[in-house]
Amino acid sequence: MGIIAQLIAFFLSVIPTDKGERRHVHVYKTRSKNKSNCTAKIWIEKNGCKDFEIAYNEGLTQKEIKQIFSFLDENYSEIIKQSDNVFNGNKVTIIKKLK
């Protein structure tokens, strides 16, 4: 798994074996000890064009999804570049937004 971005408490990753699928990112958020982790899969392209759609969501709130979509939109070209790096076995530069 290649982590390509960190958005506050979220980690966005691309899995190299997903190369043949519609382009997407996996989102992970670790909660506190008493709460379970959250995960989501978000499609980021449809027919080669930027398009965000939730494939599945396990525990992320609507506010968190909106925040992630905004981050994806603002960093789309860099996310594509870094996911290509994962698929091609190249070095990945993690995109960070900590606030």
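Look up a bit, the structure's there.
All values derive from a computational prediction rather than experimental measurement.

1. Some remarks on the overall build of the protein chain
The helix and strand inventory of the protein chain stands at two helices and six strands. Mapped from its N terminus to its C terminus, the protein chain presents α and β elements in the order β-β-β-β-β-α-α-β. Per-residue burial over the protein chain gives 41% buried out of 99 residues. Taking the intrachain contacts of the protein chain between residues at least 6 apart in sequence as the baseline, contacts between residues at least 24 apart amount to 39%.

2. Overview of helix 1 (residues 62–74)
Over its 13 residues, helix 1 extends 18 Å from the first C-alpha to the last, a length consistent with the 18 Å expected when each residue adds 1.5 Å. Of the positions making up helix 1, those classed as buried are Glu-64, Ile-65, Ile-68, Phe-71 and Leu-72. When helix 1 is viewed along its axis, its buried side chains cluster within an angular range of 125° and face the same direction. Along helix 1, exposed side chains directed more than 90 degrees from the buried face belong to Gln-62, Lys-63, Lys-66 and Glu-74.

3. Topic: the packing of aromatic side chains
Scanning the entire structure with this criterion turns up two aromatic pairs. Judged by centre distance (5.7 Å) and plane angle (45°), the rings of Phe-52 and Phe-69 are tilted. Pair noted here: Phe-52 is in strand 5 (residues 49–58) and Phe-69 is in helix 1, with a separation of 17 residues, a long-range link. Relative to Tyr-76, the ring of Phe-52 has its centre 6.3 Å away and its plane inclined at 65°; by these criteria the two rings are edge-to-face.

4. Here's the deal with helix 2 (residues 76–87)
Here helix 2 is twelve residues long and its end C-alpha atoms lie 17 Å apart, about the 16 Å a rise of 1.5 Å per residue gives. Residues Tyr-76, Ile-79, Ile-80, Gln-82, Ser-83, Asn-85, Val-86 and Phe-87 constitute the buried set of helix 2. Positioned one or two residues after helix 2, Gly-89 has a phi angle of 75°, which is positive.

Calculation notes
- Residues numbered from 1 in each chain as written.
- Predicted model: local features only at pLDDT ≥ 70, side-chain atom pairs only at ≥ 80, totals over all residues.
- Heavy atoms only, no water.
- Helix = DSSP H or I, 4+ residues; strand = E, 2+ residues; numbered from the N terminus.
- Buried < 20%, exposed > 50% of the residue type's maximum accessible area, 1.4 Å probe, protein only.
- Contact = heavy atoms within 4.5 Å.
- Expected span 1.5 Å × (residues − 1).
- Arc of directions from axis to C-beta.
- Phe/Tyr/Trp six-rings, centres within 6.5 Å; stacked < 30°, edge-to-face > 60°.

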